[in-house]
Amino acid sequence: MAKICPNCKTKNPNKSEFCQSCGQDLGSVTVKRGFNPLIPIIIIIIVALPLFFIWTFFISPSMNDNYLDENGINGTAEILDAEQTQTYVNNNPEIKFTLLVSIPGREPYKANYTTVVPYINLAQVQPGAKYYVLVDPKNPQNLKFA
Ligand SMILES: [Zn+2]
């Protein structure tokens, strides 16, 4: 922070009444605060980061769920492999499935599907089990358990 002389642009200490360089009266000059360019960046990060997480983990998945409910093709999927990830939601483990998906008009194909499985249902989601699925007509890898 400094008083900038309106006459010669010299930076003077805040308490100066006259310019140290040219003697200009600085009585009416207000102290100019230094602008920190980091501040808007920090604000953007503080605001954007939670929004990003809310979008990624809540809004986007629920939009995709609704989309599959309305547009998904009915099919079946056999669980080939089930692997627990490190993620828990409300104490329920997230499971990464490898599925063999069958939908009308297409050869059975492999797809990965990660979802949270309530503990009570864990015993049922073992390799060999078959489930009904809804499959995105535009992207066969995008699916969910029906
Ligand atoms: Zn001056």
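Residues numbered from 1 in each chain as written. Predicted model: local features only at pLDDT ≥ 70, side-chain atom pairs only at ≥ 80, totals over all residues.

Asks: Any details on the pairing of strand 3 (residues 73-89)? Residues and values, ideally.
Replies: Judged from the six bridges that link them, strand 3 and strand 6 (residues 130-135) form a sheet pairing that is antiparallel. Along strand 6, the bridge assignment pairs Ala77 with Tyr131. As paired elements, strand 3 and strand 4 (residues 92-102) share ten bridges and run antiparallel to each other. In the strand pairing of strand 4, Glu78 is matched with Leu100. (Pairing = 2+ DSSP bridges. Helix = DSSP H or I, 4+ residues; strand = E, 2+ residues; numbered from the N terminus.)

Asks: Run through the sheet that holds strand 5 (residues 109-116), naming residues and quoting values.
Replies: Taken together, five strands build an open sheet; the order of strands is 5-4-3-6-7 and the sheet is antiparallel. Among the strands making up the open sheet, the edge pair consists of strand 5 and strand 7 (143-145). Strand-to-strand twist of the sheet, defined as the mean angle between neighbouring strand axes without regard to direction, takes the value 40 degrees. When strand 4 meets strand 5, the two strands line up antiparallel, connected through eight bridges. (Axes fitted to C-alpha atoms, helices over the stretch in contact; angles between N-to-C directions.)

Asks: Tell me about the domain arrangement of the protein, residues and numbers included.
Replies: Each assigned domain of the protein is listed here: domain 1 (1-34), domain 2 (38-71) and domain 3 (73-146). The centre of domain 2, based on its C-alpha atoms, is set 24 Å off from the matching centre of domain 3. In this complex, domain 2 contributes five residues to the contact, which on the side of domain 3 involves six residues. Of the residues belonging to the side of domain 2 that touches domain 3, the class tally is one nonpolar, two polar and two charged. (Domains from an automatic or database assignment. Contact = placed C-beta atoms within 7 Å. Nonpolar A, V, L, I, M, F, W, Y, C, P; charged D, E, K, R; others polar.)

Asks: So what's going on with the nonpolar core? Residues and values would help.
Replies: The tendency in soluble globular proteins is for nonpolar side chains to be buried side by side. Within the largest apolar cluster, twelve residues are counted, these being Leu68, Ala77, Ile95, Phe97, Leu99, Val101, Ile103, Tyr113, Val133, Leu134, Val135 and Leu143. When contributions to this core are tallied by element, the ones reaching two or more residues are strand 4 and strand 6. The element best represented in this core is strand 4, accounting for four residues. (Core = buried A, V, L, I, M, F, W, Y, C linked by C-beta atoms within 7 Å. Buried ≥ 20, exposed ≤ 12 C-beta atoms within 10 Å, placed from the backbone.)

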